[in-house]
Amino acid sequence: MIVLDRVSKRYRSHGSGHSKLVFDELSAVFEPGRTVGILGRRGAGKTTLIRMIAGAIPPDSGRVLRQGRVSFLVGSAGPFVSTMTGRENVWFISRLYGADASEVIRFVEAHAGLGTDFDKPFSAYTGDKRGRFLFTTAYALPFDIYLADESVIGGPPGFRDWCERLVDARRQQAMLVFTTRRPRLLRRFADTGAILSDHRLATFPSVRDAILAFKADEPAADDEPLIDDVDEDEDDELPVPIP
Amino acid sequence: MTAIARPRFSTALGVQARVVISLMLREMRMHTRHSRLSYVLELLEPVLQLTMMLGVFSAINRQADFGTSMFLFLGTGMIPYFTFVHISSKAMGAVRGGGLTKSVPLVKPLDLMLARAFLEVLQLALVMILLFSFIYLVIQVPDAWPIRPLKAVSAFVVTAAMAIGVGIVNGVIGSFFRLWAVVYGVFARSLLFLSAVFYVPDYMPTQIRDWLVWNPVLHAVEWFRTGFYLTYPTLTLSKPYLIGWAIGSIFLGLTMERALRNRRMAAK
C-alpha cells in the first residue's frame, strides 16, 4: 500500500532564481494488490513521482507512506557495481534486501540466459545481456511493491515475452506501480489508471477511462511512438535544485 | 491514513544491521577488486609513516620521551591518532556523491557512513595487532605486549566511537560544503603535532600544556599508552573528557543527519 499525502515539490534552478512547480498538494492512495499505471506527458514529473514513491527524493512538504518491501526502479543499473561480476552483484543486492541469496542466484542463472558471462564483470555485458540481467534480477527479488519508470519490461525481443509473463506472475502477489507516457503499457499491465498533469494526480477506477481522459486532454498529439524508445526520458534533465 | 503502521523498533534495527553488514561486505569486495596492492598499502600506511618518522628521529639522534624503545613510543602514539583521523575522514568520503542512496532508496547516507567507519575500525584493529606483534617479535621490545590490555582496548574503542561521531558530523557538513574534505584534511594532518604522538604532554611547559589538553586525540593517546607503560605520567589525562567527546559527537552527528536529511537529499 502506498499513500501520498498532500505532497508538494518544487525544483529551483541555481542562480537565475527561477523555480518549477512539480507537485502541488498531490494526494493519492494505491491499495495493495493493484497494478497502477501512471500516465503523464513529457516533463509532467513522472520520474520525480516514481522516485519519490521509491524514497529517493524527499517531498518539500507532505508525506509519502509505504507498507511493504519497496523495490528499486526495475531495469535501472544504479544498484549494480560495474567491477563486480553478475553473480556477486545479485548476491549483494539479495543480501541488502534480506532475500535468500542462493535462491535468487539460482533463478537469475536459470532464466537470464547469461551462461558463463554470469561470472564476468557487469561492465562487460552487452546491451541484450545487460537488459536480461537487470530485469530478471529485479523481478527475482521478493518485493511487495515493484516500481518502474517507463521500463516495466525490457531486454531483447525473445526475452520480452517471458518477461511479460514474469511480471504477470509477480502481479498476483505484489503491487506494481509504473509511470509511462504510452497508454499501451497501461492496457497491457495496469488494473488502475492515473494521470499526472497540472501538478496533480487523478486516479481513475478503470484503465479505459484513464486512457480516454489522457487522449482527450491533448487530442492533436498522438503520443504512441512507432518505435519503442524505452530508454528515452527527459525528466532527468530538470534543473538542479538548490540545496 | 492509519492503515500504515510504523515498523517496530527491533525490526528497524534488524534491517539497519543487515544493510550495514551487506554494505561492509560490498565495500571490501570493491576494494580488493580495484587493486589488491593499493589495499595492502592502505593497510600498512600507519606502519610506513611510523618507519618514516623513526628514520627522521634516529637521524637527529632523538631518544624516546618515555620508555626505552622509540618504536613503541611512536607506535602507541600513532595508532590512536590514525584511528581517529582515518575513521573520521573515511566516513565523510563514504557519502560524497551518494551513488547508491540514489538508486537504492533502502540505503541511507548514515548506512554508508557507518559501514565505512566499521570497516575502518576492523582494519585499524588488524593493523594495531600486526604492528605490536611486529615490535614484540621482531624488534624484541617486551613492553609491546600491553601490560594492561583492558586499558589499551577501552582507549581504542572510545577513540573509534569519537571518530565515528566526528565522521558523521563531517559527512553531513561535507555534503553541503564540498571543500570541507580539504579543510578537514589539513586540520587532521596538523593534529599529528598536537596529539602527543612523539612527546609526553606532562613534560611540556605549562602554558603549552594548558592549550594542548583541549585536544581530545591527546587524551586518546595518553589513555592508550597507560595500557602499555605502567608508570606513564597521566597528570593531563581526563577519560571523562574523551568519553564526553565520543558521546557528544555521536549525538551531534545523528542530530544533524536527521535534521538536515531532506535538504541534503534534495541537494544531491
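Source: prediction; values computed, not measured.

1. Section: the sheet that holds strand S2 (residues 19-30) of chain A
Strand pairs in the sheet, formed through backbone hydrogen bonds, run parallel or antiparallel to each other. All names here are of chain A. Ordered by their spatial adjacency, three strands build an open sheet running S2-S1-S4, and the pairing between neighbours is antiparallel. The sheet is open, and its two borders are formed by S2 and strand S4 (61-66), each paired with just one other strand. Here the average twist between neighbouring strands, direction ignored, is 25 degrees. The pairing of strand S1 (residues 2-12) with S4 spans five bridges and is antiparallel. Note on S4: the bridge partner recorded for Ser 8 is Ser 61. Against the sheet, helix H1 (residues 46-54) touches S1, S2 and S4, its axis set at about 125 degrees to S1.

2. Some thoughts on the packing of aromatic side chains
Per the counting criterion, the structure on display carries 26 aromatic pairs over all chains. Pairing A:Trp91 with A:Phe92 gives two aromatic rings, centres 5.0 Å apart and planes at 85 degrees, and the pair type is edge-to-face. By relative accessible area, A:Phe92 is classed as buried at 7%. Taking the centre distance of 6.0 Å and the plane angle of 40 degrees together, the rings of B:Phe132 and B:Phe224 count as tilted.

3. Remarks on the interface of chain B and chain A
At the junction of the two partners, chain B supplies 28 residues and chain A supplies 30 residues. Each partner contributes to the roughly 2600 Å² buried at the junction of chain B and chain A, and carbon and sulfur atoms together form 66% of this total. Where B:Arg29 meets A:Glu88, a salt bridge forms, and the shortest distance between an N and an O atom there is 2.7 Å. Of all elements in the fold, only helix H1 (9-34), helix H4 (99-103) and helix H11 (261-267) of chain B reach the threshold of two or more residues within the side of chain B that touches chain A.

4. Considerations on unusual backbone geometry
Residues and elements named next belong to chain A. You will see that Asp 198, though not glycine, has its phi angle at about 50 degrees, which is positive. Mapped onto the fold, Asp 198 is located in the loop between strand S8 (192-197) and strand S9 (200-204). We classify Asp 198 as exposed; its relative accessible area is 66%. Of note, the phi angle at His 199 is positive, near 65 degrees, even though the residue is not glycine. As for its placement among the helices and strands, His 199 is situated in the loop between S8 and S9.

5. Let's talk about a nonpolar patch on the surface
Taken together, the side chains of B:Phe134, B:Tyr136, B:Leu137, B:Val138, B:Ile139 and B:Trp145 make up a nonpolar region of the molecular surface, amounting to roughly 630 Å² of accessible area. Take B:Val138: it is sitting in the loop between helix H5 (109-137) and helix H6 (149-176).

6. So, the pattern of salt bridges
Residues and elements named next belong to chain B. According to the stated counting rule, one finds 16 salt bridges over all chains in the structure shown. Salt-bridge contacts for Arg 116 lead to Glu 27; the nearest nitrogen and oxygen are separated by 2.1 Å. Here Arg 116 is found in helix H5, whereas its partner Glu 27 is found in helix H1, with 89 residues between them in sequence. Judged by relative accessible area, Glu 27 falls into the buried class, the value being 16%. Note that Glu 120 and Lys 90 form a salt bridge whose closest N and O atoms lie 3.6 Å from each other. Taken together, the residues Glu 120 in helix H5 and Lys 90 in helix H3 (residues 70-95) connect sequence positions 30 residues apart. Overall, the relative accessible area of 3% leaves Glu 120 in the buried class.

7. Digging into the confidence of the model for chain A
Averaged over all residues, the pLDDT of chain A equals 81, while 88% of them reach at least 70. Long-range and interchain partners of residues 228-243 of chain A, a stretch whose pLDDT sits below 50, account for 39 contacts in this model, where long-range means more than four residues apart.

Rules and cut-offs
- Residue indices follow the written sequence of each chain, beginning from 1 at its first position.
- To read the labels, note that chains go from A and ligands from 1, taken in the order they are written.
- Residues qualify for local features only when their pLDDT is at least 70, as the model is predicted, and side-chain atom pairs are given and counted only at 80 or more; totals for whole chains, interfaces and linings, by contrast, use all residues.
- Heavy atoms from the whole structure form the basis of all side-chain values; hydrogens and water molecules are not counted.
- Whether two strands pair comes down to DSSP finding at least two bridges between them.
- To qualify as a helix, a DSSP run of H or I must reach at least 4 residues; to qualify as a strand, a run of E must reach at least 2; elements of each kind are numbered from the N terminus.
- Axis definition: a line fit to C-alpha positions, over the contact stretch in the case of helices; interaxial angles, taken between N-to-C directions, run 0 to 180 degrees.
- Contacts: residue pairs with any heavy atoms within 4.5 Å of one another.
- Centre distance within 6.5 Å is the pairing criterion for rings of Phe, Tyr and Trp, where only the six-membered ring of Trp is used; planes under 30 degrees apart are then read as stacked, over 60 as edge-to-face, and the remainder as tilted.
- Remark: exposure states derive from per-residue accessible area (1.4 Å probe, protein chains only) relative to the maximum for the residue type, with buried under 20%, exposed over 50%, and partly exposed in between.
- Buried surface area refers to the total accessible area, computed with a probe of radius 1.4 Å, that the two partners give up upon joining, counted for both partners together.
- Salt bridge, as used here: a side-chain nitrogen of Lys or Arg that lies within 4 Å of a carboxyl oxygen of Asp or Glu.
- Patch definition: residues with relative accessible area over 30% and no salt bridge; like charges joined within 9 Å; nonpolar side chains (Val, Leu, Ile, Met, Phe, Trp, Tyr) joined within 5 Å.
- Residue exposure ignores everything except the shown protein chains as possible cover, and the areas themselves are Shrake-Rupley values with a 1.4 Å probe.
- A score from 0 to 100, pLDDT tells how confident the predictor is in each residue.

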